[in-house]
Amino acid sequence: MSRSHRDHCCPPADPIVTDPRRIVRNFYHPQLVQVIHPIEVVNRHHCYPVYEHSYTCCERDEFAGSVNPYFRRDNL
């Protein structure tokens, strides 16, 4: 009588457990973050020339000589 392969089967083996595979599922949630943008206002003051003209007046007497020698200065 021939034997079937079931009669010669190996006994069941212990299961092999491998290292676990890590599966990461990322979930993103909105998070309010204040972003502050400082603004610096610089007021620059510049001087520029605005000409204000003023005039001085000087008056003097000048003698140009006389026709009459009597009015010469050294005769006075």
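In what follows, the structure referred to is the one given above.
### Quick word on the overall build of the protein
Phase 1: Counting its regular elements, the protein contains zero helices and zero strands.
Phase 2: Classification of the 76 residues of the protein by burial places 0% in the buried group.

### A word on the pattern of salt bridges
Phase 1: Within this structure, the stated rule accounts for one salt bridge.
Phase 2: The partner of R60 in a salt bridge is E62, and the shortest N-O contact between them spans 3.7 Å.
Phase 3: Here R60 falls in the exposed class, since its relative accessible area comes to 66%.
Phase 4: Looking at E62, the relative accessible area reads 60%, which means it is exposed.

Calculation criteria
Residues numbered from 1 in each chain as written. Predicted model: local features only at pLDDT ≥ 70, side-chain atom pairs only at ≥ 80, totals over all residues. Heavy atoms only, no water. Helix = DSSP H or I, 4+ residues; strand = E, 2+ residues; numbered from the N terminus. Buried < 20%, exposed > 50% of the residue type's maximum accessible area, 1.4 Å probe, protein only. Salt bridge = Lys/Arg side-chain N within 4 Å of Asp/Glu carboxyl O.

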